[in-house]
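Examination of the molecular architecture
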Amino acid sequence: ISSPIGGAELLFDGVKKHQVTLPSQEEPWDIRNLLLWIKKNLLKERPELFIQGDSVRPGILVLINDADWELQGELDYQLQDQDNILFISTLHGG
Amino acid sequence: MPVPRCSGPCGGVRPAALRRPRTGGAVCRSCFCNAFEAEVLTTLQTGRLLPPGAIVAVGASGGKDSTVLAHVLRALDARHGLELDLRLVAVDEGIGGYRDAALAAVRRQAARWQLPLTVVAYADLFGGWTMDEVARRAAQEPGRARACCTFCGVLRRRALEEGAQRVRATHIVTGHNADDMAETVLMNFLRGDSGRLARGGTLGSPGEGGALPRCRPLQFASQKEIVLYAHFQELDYFSEECVYAPEAFRGHVRDLLKALEAARPSVVLDLVHSAERLALAPAARPPPPGACTRCGALASRSLCQACALLDGLNRGRPRLAIGKGRKGLGEEGEEQSCASKDRGRPIRAGAIQAF
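Residues numbered from 1 in each chain as written. Chains lettered and ligands numbered in written order. Predicted model: local features only at pLDDT ≥ 70, side-chain atom pairs only at ≥ 80, totals over all residues. Heavy atoms only, no water.

Concerning the overall build of chain B
- When its secondary structure is counted, chain B shows 14 helices and 12 strands.
- Counting across all 355 residues of chain B, residues that qualify as buried make up 57%.
- As displayed, chain B has an accessible area near 14600 Å², and 53% of this comes from carbon and sulfur atoms. (Helix = DSSP H or I, 4+ residues; strand = E, 2+ residues; numbered from the N terminus. Buried < 20%, exposed > 50% of the residue type's maximum accessible area, 1.4 Å probe, protein only. Areas by Shrake-Rupley, 256 points an atom, 1.4 Å probe, with all protein chains shown as cover.)

What to know about the pairing of strand β6 (residues 85-89) of chain A
All names here are of chain A.
- Among the five residues of β6, five are classified as buried, and the element is accordingly described as predominantly covered.
- Neither face of β6 is left uncovered, since the one carrying Ile85, Phe87 and Ser89 and the one carrying Leu86 and Ile88 both have all their residues buried.
- Two elements, strand β4 (residues 60-64) and β6, share five bridges in a ladder whose sense is antiparallel. Within β6, the position partnered with Ile64 by the bridge is Ile85. (Pairing = 2+ DSSP bridges.)

Looking at the packing of aromatic side chains
- As enumerated under the stated definition, the model contains six aromatic pairs over all chains in all.
- What links up through ring pairs into an aromatic cluster is the set Phe32(B), Phe36(B), Tyr229(B) and Phe232(B). (Phe/Tyr/Trp six-rings, centres within 6.5 Å; stacked < 30°, edge-to-face > 60°.)

Considering the domain arrangement of chain B
All names here are of chain B.
- In terms of domains, chain B is made up of domain 1 (46-281) and domain 2 (288-319).
- With 16 residues of domain 1 in contact, the opposing surface of domain 2 contributes 15 residues.
- At the boundary of domain 1 with domain 2, total buried surface from both sides reaches about 1300 Å², with 70% on carbon and sulfur atoms.
- At the junction of domain 1 with domain 2, the criterion picks out zero salt bridges.
- Between the two partners, domain 1 and domain 2, sit two residue pairs in polar contact (both at pLDDT 80 or more).
- Mapped by element, the contributors of at least two residues to the side of domain 1 that touches domain 2 are α5 (131-139) and α6 (147-166). (Domains from an automatic or database assignment. Contact = heavy atoms within 4.5 Å. Buried area = accessible area lost by both parts, 1.4 Å probe. Salt bridge = Lys/Arg side-chain N within 4 Å of Asp/Glu carboxyl O. Polar contact = N/O pair within 3.5 Å; in protein donor to acceptor, adjacent residues only side chain to side chain.)

Put into structure tokens, the structure is as follows:
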């Protein structure tokens, strides 16, 4: 359900799309939990370039189903089945 | 949390797709893209940046900014009859593994948009020096870990000028965005470079000493909006960091600015605005520049920055050109960490005042 692009894929072995099935847990999954899970299971190198504190590194945009996560509660957004979470890095030249 | 409806001109017909950093407004994809393009048009028109008939060299790096710039200029030209003759000019710095992939992106863009593309290479322009060679030489000098972007910024500015002259351009546009501008303002503050600080707020340079006029049509567009615009328009761009960029001072400033932005989303544009309000005190103004004795370009010393730099390299002493002894060039500094993020000539530090 998550796909890092815009350079962020480089921290994930260059893989742009990840179809993931999250294990069931008592608490509902939100973005905060998802980031922890990604850090533990998907991140291949230098986690500090993706996650800082309990959120994404400032400068990485997050789109939930192609809409800005700032409109959707950011870390508190509760994941639904088939959600598409996109991480786009703005932190490079151009 | 349900996505709010668009508060833009569509009247809430569609769900919002982003929150705009400047206004905090939630707008849909379509209203956003229209507003983004309209704002670039306003920047062009307010500053009278590109007159009808202009032959415009677009500094193209394959990255997000220049990609969005070329796309928007092309769209605005077609829609509003701006009578622009757009030509892509890309600079091959000779950075193995990095620039090759970026240039491939520029070539795809040129083919898709049917725009002429000219590539100018450091190696051809600068007597065989590639950026990798320069970096290797600079690394042999002790304590110059941050020098790469300093060299590259100076040389790239010159290379873009050369490329633009070759395609007979009348104007140069670069993809600097509001975040780049704000980073530069902060860096100039942190380095005490009041001369640059005071000049930083203008829309570009009018073209002096034979140089072509330059402008930055995206300088009020935030990084976030540029990236989202590229995403929504499905633009194909290259998004890797230059191998030398992690060494640059700009990186620290960028992190600081991003942290500030999290607390105050308008901080980027506020900083750009701050720079617009600054002017040099009369006593601090530098003497008018002369011409480089070697190439004739505008220079505040006998050699312009690019010639002084190459001179140092060719004599096997790159520090000659960038060390403390040459304060002006030191001030030019490492800020040019990414393609076409170059600025004007150096002027002496001095007091600033707000007007």
